[in-house]
Amino acid sequence: MSASVNPDSTDLDRLHAAVKREKEDLSPESKPAPLWAIFLLMLVAIVAGDQLGPMTGGWSFNVSNPFALAGGGDPRPGGAGAGGALDPFAVAMKKGAGGYAVCGGCHQGNGNGIPGQFPPLAGSEWVTGGTERLVRVVQHGLTGAITVKGQGFNMPGGMQPFGAAMSAQDLANVLTYIRNSWGNEGTMITQEMVKKVRDEEKRATQWTEADLKPFADKNCAGDIPAGPGAAPAAK
Ligand code: HEC
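Conventions adopted
Residues numbered from 1 in each chain as written. Predicted model: local features only at pLDDT ≥ 70, side-chain atom pairs only at ≥ 80, totals over all residues. Heavy atoms only, no water. Donors = N, O, S within 2.8 Å, 3.2 Å for Na, K, Ca; no water. Buried < 20%, exposed > 50% of the residue type's maximum accessible area, 1.4 Å probe, protein only. Axes fitted to C-alpha atoms, helices over the stretch in contact; angles between N-to-C directions. Helix = DSSP H or I, 4+ residues; strand = E, 2+ residues; numbered from the N terminus. Parallel < 35°, antiparallel > 145°, perpendicular 65-115°, else oblique. Left-handed = near helix turned anticlockwise from the far one by under 90°. Contact = heavy atoms within 4.5 Å. Nonpolar A, V, L, I, M, F, W, Y, C, P; charged D, E, K, R; others polar. Salt bridge = Lys/Arg side-chain N within 4 Å of Asp/Glu carboxyl O. Polar contact = N/O pair within 3.5 Å; in protein donor to acceptor, adjacent residues only side chain to side chain.

Asker: Explain the coordination of the iron atom of the ligand here, please?
Answerer: Around a metal, the perfect tetrahedron of four donors has angles of 109.5 degrees, and the perfect octahedron of six donors has angles of 90 or 180 degrees. Distances from the iron atom of the ligand to its protein donors, His-107 (NE2) and Met-159 (SD), fall at 1.9 to 2.0 Å. Residue classification places His-107 among the buried residues on the basis of a relative accessible area of 10%.

Asker: Is there a simple way to think about the packing of helix H7 (residues 131-140) against helix H8 (residues 168-179) in this case?
Answerer: A pair of packed helices can be characterised by two numbers: the angle between their axes and the separation between those axes. Contact geometry for H7 and H8: axes closest at 11 Å, N-to-C directions at 120°. Here H7 lies oblique to H8, going by the angle between them. H7 and H8 meet at a crossing whose hand is right-handed. Along its contact with H7, which presents Thr-131, Leu-134, Val-135, Val-138 and Gln-139, the element H8 presents Leu-171, Leu-175, Ile-178 and Arg-179. Tallied by class, the residues present in the contact of H7 with H8 amount to six nonpolar, two polar and one charged.

Asker: How should I be thinking about the pattern of salt bridges in this particular structure?
Answerer: Pairing between side chains of opposite charge can happen when the charged atoms of each approach one another. Within this structure, the stated rule accounts for six salt bridges. Here Arg-14 and Asp-11 are joined by a salt bridge, their closest N and O atoms 2.8 Å apart. With Arg-14 and Asp-11 both in helix H1 (residues 11-22) and three residues apart, this pair spans about one turn of that helix. For Arg-14, a relative accessible area of 37% translates into the label partly exposed. Look at Asp-11 and you get exposed, because its relative accessible area is 59%.

Asker: Can you walk me through the environment of Glu-201 in this structure?
Answerer: Along the chain, Glu-201 falls in the segment after helix H9 (191-200). For Glu-201 and His-140, which are 61 residues apart along the polypeptide, the C-alpha to C-alpha distance reads 9.1 Å. Setting aside chain neighbours within four positions, we find Glu-201 in contact with Arg-136, His-140, Trp-207 and Phe-215. At 2.8 Å, the side chain of Glu-201 and the side chain of Arg-136 are in polar contact.

Written out as structure tokens, the structure is:
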């Protein structure tokens, strides 16, 4: 076919002519690389890549995994990660500290309350005493005159119930937190304990100090000592 432009030629003819002019045919000697060579190079790359990790001090994709770097357990649900278990007490304390924001407005961040108005949680026998009583106080509320650390309190209206507003787990975390903060030391409170009290007490009114006398030193069944390694896991 001639590359000269014929007045009758179509656009397609002209295009083909241009392509023929500008692109030389491949010479018969220039063949694409043989497939076996390409596969060989891939194999070398894979083997070399595998060697790279050990040879560079254990470089691994895990460097981008913050849980692996932290050296602790994997905090994602269901993940135990390196070294085994998440400490359920530490988890409850962390979550409870967040949940305590609900209480801190009255009982204060330092747990000391406000004299004459809001009773202290720090050093309070209500907090470190019987867990059956403590769960009830926060679940259903408390009203009337009470004595805390030898001081009388009697806020009009008392304390509202928190049971309806908080999940059993959130409540358990906050109670574990107040039992183990500001020098307080107490057992962990689990959501099972809170649920059991909820099942037992279908109470619509706040407690009074007299109502709660029978529970003052009563602990929920299955009390768990607080501290690292305490079981079972907070969900
Ligand atoms: C709006 C203020 C207010 C908030 C918020 C509040 N409380 Fe109270 N709390 C009180 C008052 C007032 C009393 C005393 C009730 C009485 O006089 O009968 C009390 C009593 C208590 C007691 C028993 C007495 C003591 O000091 O140990 C505990 C335990 C307690 N609260 C825990 C909590 C927890 C836990 C929370 C958060 C979930 C909370 N409170 C939120 C006002 C509050």
